[in-house]
Amino acid sequence: MSSTEQNTTEQIVTKKKKIKVLPFIIIGIIILVVVAALAVLVVNGVVTASTEKKVQEQLDLGERYLQELDYEQAIVAYTTVIEIDPKNVDAYLGLADVYVAMDDYDRAIEVLEQGYDETEDEKIKDRMEELTEEIEEMSEEEQESVEAESEELENESADAEVEDDSLPREAVPGEVVD
């Protein structure tokens, strides 16, 4: 065999070896990609489960603090949920309930507006409408209460003047009393 034939034969053998190895390389790459994708899904699933657990714990804390009238801690708990999951409807509703319990209706409405903007959830919209109606009713009741108190004070003042006129006055030295 001549050296040219030998080189040609070696080249053919090398090409055949490359052709036989190529499918294994491709299969190896596919396996690596699949394993990497599975790893990402598993890690993401674990993170999601962990996040959901933390969210639920904070929601439970917020509710407990609200029931215990520990409003500051309830605000912290619900705000933490909103930071973790800005689309969590229960967190906005709970936070609004805290502000209502504190008689801070303006802040409650702000929270509900923010929640609706973020989630477009009908429960938040409905609660916002209910709260707005409650505020309007309270405003009317307060106005009626103020008017009634004012009228009562006027009546008391008029009664006091009548009583003053019916009581005998003490004579002041030098004054002539009828």
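Scroll up to find the structure.
Procedures and definitions
- Residues numbered from 1 in each chain as written.
- Predicted model: local features only at pLDDT ≥ 70, side-chain atom pairs only at ≥ 80, totals over all residues.
- Heavy atoms only, no water.
- Axes fitted to C-alpha atoms, helices over the stretch in contact; angles between N-to-C directions.
- Helix = DSSP H or I, 4+ residues; strand = E, 2+ residues; numbered from the N terminus.
- Parallel < 35°, antiparallel > 145°, perpendicular 65-115°, else oblique.
- Contact = heavy atoms within 4.5 Å.
- Salt bridge = Lys/Arg side-chain N within 4 Å of Asp/Glu carboxyl O.
- Expected span 1.5 Å × (residues − 1).
- Buried < 20%, exposed > 50% of the residue type's maximum accessible area, 1.4 Å probe, protein only.
- Phe/Tyr/Trp six-rings, centres within 6.5 Å; stacked < 30°, edge-to-face > 60°.
- Lys NZ or Arg CZ within 6 Å of the ring centre and 35° of its normal.
- Core = buried A, V, L, I, M, F, W, Y, C linked by side-chain atoms within 4.5 Å.
- Arc of directions from axis to C-beta.

> I tried to follow the packing of helix H3 (residues 89-101) against helix H4 (residues 105-119) on my own but got confused; where do I start?
How two helices sit against one another is set out by the angle between their axes and by the gap between those axes. Running from N to C, H3 and H4 cross one another at 170°; their axes reach a closest spacing of 7 Å. With respect to each other, H3 and H4 are oriented roughly antiparallel. Only Tyr-105, Arg-107, Ala-108, Val-111, Leu-112, Gln-114, Gly-115, Glu-118 and Thr-119 of H4 make contact with H3, whose side of the interface consists of Val-89, Tyr-92, Leu-93, Leu-95, Ala-96, Tyr-99 and Val-100.

> How should I be thinking about the environment of Leu-112 in this particular structure?
Here Leu-112 shows up in helix H4. Not counting the four nearest positions on each side in its chain, Leu-112 is found in contact with Tyr-92, Leu-93, Ala-96, Ile-124, Arg-127, Met-128 and Leu-131.

> How should the pattern of salt bridges be read in this particular structure?
Think of it this way: side chains of opposite charge can pair up when their charged atoms draw near. Enumeration according to the criterion identifies six salt bridges in this entry. Between Arg-107 and Glu-110 there is a salt bridge, with the nearest N and O atoms lying 3.1 Å from each other. Here the residue Arg-107 and the residue Glu-110 both occupy positions in helix H4, the gap between them amounting to three residues, near one helical turn. Residues Arg-127 and Glu-130 are paired through a salt bridge, measuring 3.8 Å at the closest nitrogen-oxygen approach. With Arg-127 and Glu-130 both in helix H5 (residues 122-166) and three residues apart, this pair spans about one turn of that helix.

> How should helix H2 (residues 71-84) be read in this particular structure?
Since one α-helical turn is 3.6 residues long, residues separated by three or four positions face the same way. Compared with an ideal rise of 1.5 Å per residue, which puts 14 residues at 20 Å, H2 spans 20 Å between its outermost C-alpha atoms and is within 8% of the ideal. What H2 keeps buried is the set Ala-74, Ile-75, Ala-77, Tyr-78, Thr-80, Val-81 and Ile-82.

> So what exactly am I meant to see when it comes to the packing of aromatic side chains here?
When we look at a pair of aromatic rings, we describe it by the centre distance and by the angle of the planes. Applying the stated criterion across every chain, the model contains zero aromatic pairs. Lying over the aromatic face of Tyr-65, Arg-64 brings its terminal NZ or CZ to 5.1 Å of the ring centre.

> Looking at this structure, I do not really get the nonpolar core. What am I missing?
If you look at soluble globular proteins, the nonpolar side chains tend to sit buried side by side. Membership of the largest hydrophobic core comes to 26 residues, with the highest contact counts inside it found for Leu-95, Leu-112 and Leu-131. Those elements that provide at least two residues to this core are helix H1 (3-67), H2, H3, H4 and H5. Looking at which element gives the most residues to this core, the answer is H3, with nine residues. If we ignore the near neighbours within four places in the chain, the residues touching Leu-131 are Val-100, Tyr-105, Ala-108, Ile-109 and Leu-112.

> What is the right way to look at H4 in this model?
The end-to-end C-alpha distance of H4 is 21 Å, a good match for the 21 Å that 15 residues give at a rise of 1.5 Å each. Buried residues of H4: Tyr-105, Ala-108, Ile-109, Val-111, Leu-112, Gly-115 and Thr-119, and no others. Along the axis of H4, the buried residues cluster in a sector spanning 160°; they form a single face. Structural note: H4 exposes Asp-106 and Asp-117 on the side pointing more than 90 degrees away from its buried face.

> I tried to follow the environment of Ile-124 on my own but got confused; where do I start?
Topologically, Ile-124 is positioned in helix H5. According to the relative accessible area criterion, Ile-124 is buried, its value standing at 0%. Leave out the neighbours within four places in its chain, and Ile-124 touches Val-89, Tyr-92, Leu-93, Leu-112, Gly-115, Tyr-116 and Thr-119.

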